[in-house]
Amino acid sequence: VFPALGTRRGGYPRHGDGCHRGFDIPIRAAALLQSRLCGNWVETVLPLYAHDSGLLSPAGVGMLFAYASGLTGILQVLVARRSEAWSAQRLTATAGSAFVLGLGVLLTFSSQIALVVAINLCAFARMLTGPLVAATVEALAPPTRRTSYLAALSMATDLKDSLGPS
């Protein structure tokens with residue numbers, strides 16, 4: 001994903017950061033699409049893990065995801081303010097580390113506490129990358145095609161949510 005992201009401080013690329021040179025756009029768009037399609041492994045693995053280990057019922061898994069949504073709703077602005085001066089690489093590396101750590105917790109421990117820790121790490125990663133992805137897509141898009149690019153991002157997110165758990 002790093003090639004798709006600008007290096008300007010503040011984490012968000014700006015127009016003129018080399019976004020519109022030849023092959024850069026397809027490479028950056030493919031990296032962003034890949035990150036959006038593969039970025040939900042904790043959410044995909046967690047219900048299967050909870051069911052197979054007998055830790056949570058389907059309703060319990062739903063409550064866990066509702067908790068993660070509430071956590072994101074409450075802390076998104078705070079996390080965005082704290083991380084606004086970070087570079088895009090730092091934001092992405094931190095979010096990726098949180099995802100990997102979440103999966104590591106699920107692989108290492110078999111308890112309800114591990115489920116909560118994994119979902120907290122996943123929510124934190126989403127808080128870091130959510131605003132960055134939309135801003136990156138907007139910066140990569142030519143001015144006359146921004147709406148199409150943002151629609152493609154939305155479609156990739158919908159595909160991820162539809163195809164990931166299946």
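Just so it is clear, the structure is predicted and the values come from calculations on it, not from any experiment. (Residues numbered from 1 in each chain as written. Predicted model: local features only at pLDDT ≥ 70, side-chain atom pairs only at ≥ 80, totals over all residues. Heavy atoms only, no water.)

**Some remarks on the overall build of the protein chain**
In step 1: Along the backbone of the protein chain there are six helices and zero strands.
In step 2: Reading the helices (α) and strands (β) of the protein chain from amino to carboxyl end gives α-α-α-α-α-α.
In step 3: Within the span of the protein chain, comprising 166 residues, buried residues form 38% of the whole.
In step 4: Taking as baseline every contact in the protein chain between residues at least 6 positions apart, the subset at least 24 positions apart corresponds to 77%.
In step 5: With the model as given, the accessible surface of the protein chain reaches about 9100 Å², and the carbon-plus-sulfur share is 67%. (Helix = DSSP H or I, 4+ residues; strand = E, 2+ residues; numbered from the N terminus. Buried < 20%, exposed > 50% of the residue type's maximum accessible area, 1.4 Å probe, protein only. Contact = heavy atoms within 4.5 Å. Areas by Shrake-Rupley, 256 points an atom, 1.4 Å probe, with all protein chains shown as cover.)

**Describing the confidence of the model for the protein chain**
In step 1: Mean pLDDT for the protein chain: 75, with 69% of residues reaching 70 or above.
In step 2: Considering each helix and strand of the protein chain separately, the mean pLDDT is smallest for helix 1 (residues 24-38), with a value of 59, and largest for helix 3 (residues 58-83), with 87.
In step 3: Ignoring residues within four places in sequence, the model shows residues 1-23, a span with pLDDT below 50, making 63 contacts including any to other chains. (pLDDT = per-residue confidence, 0-100.)

**Details of the side chain of S87**
In step 1: Turning to its location among the elements, S87 is positioned in the loop between helix 3 and helix 4 (88-108).
In step 2: Of note is the side chain of S87, whose polar atom sits 3.2 Å from the backbone nitrogen of R90. (Polar contact = N/O pair within 3.5 Å; in protein donor to acceptor, adjacent residues only side chain to side chain.)

**A word on the nonpolar core**
In step 1: In terms of nonpolar packing, the biggest core is built from 28 residues, with L46, L106, L115 and L128 touching the most fellow members.
In step 2: Of all the secondary structure elements, the ones that give two or more residues to this core are helix 2 (41-53), helix 3, helix 4 and helix 5 (112-140).
In step 3: If you tally residues by element for this core, the top one is helix 5, at eleven residues.
In step 4: Setting aside its immediate chain neighbours within four residues, L46 contacts L64, F65, L106, L115 and A118. (Core = buried A, V, L, I, M, F, W, Y, C linked by side-chain atoms within 4.5 Å.)

**A closer look at the packing of helix 4 against helix 5**
In step 1: Contact pair helix 4 / helix 5: the axes reach a minimum separation of 8 Å and the direction vectors enclose 160 degrees. By the criterion of interaxial angle, the relationship of helix 4 to helix 5 is roughly antiparallel. When you trace helix 4 past helix 5, the crossing you get is left-handed. Contacts between helix 4 and helix 5 involve A88, L91, T92, T94, A95, A98, F99, L101, G102, V105 and L106 from the former and A114, L115, V117, A118, L121, C122, F124, A125, R126, L128, T129 and L132 from the latter.
In step 2: Per-class residue counts for the contact of helix 4 with helix 5 are 18 nonpolar, four polar and one charged. (Axes fitted to C-alpha atoms, helices over the stretch in contact; angles between N-to-C directions. Parallel < 35°, antiparallel > 145°, perpendicular 65-115°, else oblique. Left-handed = near helix turned anticlockwise from the far one by under 90°. Nonpolar A, V, L, I, M, F, W, Y, C, P; charged D, E, K, R; others polar.)

**Section: helix 5**
In step 1: Its 29 residues place the ends of helix 5 41 Å apart at the C-alpha level, agreeing with the 42 Å of an ideal helix rising 1.5 Å per residue.
In step 2: Of all the bends in helix 5, the greatest reaches close to 30 degrees and is centred on T129; the proline P131 follows between one and four positions later. (Expected span 1.5 Å × (residues − 1). Bend = angle between axes of the 7 residues up to and from the residue.)

**Details of the packing of helix 3 against helix 5**
In step 1: Where helix 3 contacts helix 5, the axes come no closer than 8 Å and their chain directions differ by 45 degrees. Relative to helix 5, the element helix 3 lies oblique. Where helix 3 crosses over helix 5, the two elements pack in a sense that is right-handed. For the pair formed by helix 3 and helix 5, the contact residues are L64, F65, Y67, A68, L71, T72, L75, Q76, V79 and S83 on the first element and L115, V116, I119, N120, A123, F124, R126, M127, L128 and P131 on the second.

**Things to note about helix 4**
In step 1: Taking 1.5 Å of rise per residue, the 21 residues of helix 4 would be expected to cover 30 Å, and the 30 Å separating its terminal C-alpha atoms lies within 8% of that figure.
In step 2: Among all positions in helix 4, only A88, L91, T92, A95, A98, F99, G102, V105 and L106 are buried. On an axial view of helix 4, the arc spanned by its buried residues comes to 155 degrees, and they lie on one face. Projecting away from the buried face of helix 4 at angles above 90 degrees are the exposed residues V100, L107 and T108.
In step 3: Between the side-chain oxygen at the start of helix 4 and the backbone nitrogen of R90 there is a gap of 3.2 Å, and the oxygen is on S87. (Arc of directions from axis to C-beta.)

**A word on the environment of Y67**
In step 1: Mapped onto the secondary structure, Y67 falls in helix 3.
In step 2: For Y67, a relative accessible area of 36% gives the class partly exposed.
In step 3: As a C-alpha pair, Y67 and A123 span 56 residues in sequence and 9.6 Å in three-dimensional space.
In step 4: What Y67 contacts, discounting residues up to four positions off in sequence, is V116, I119 and N120.

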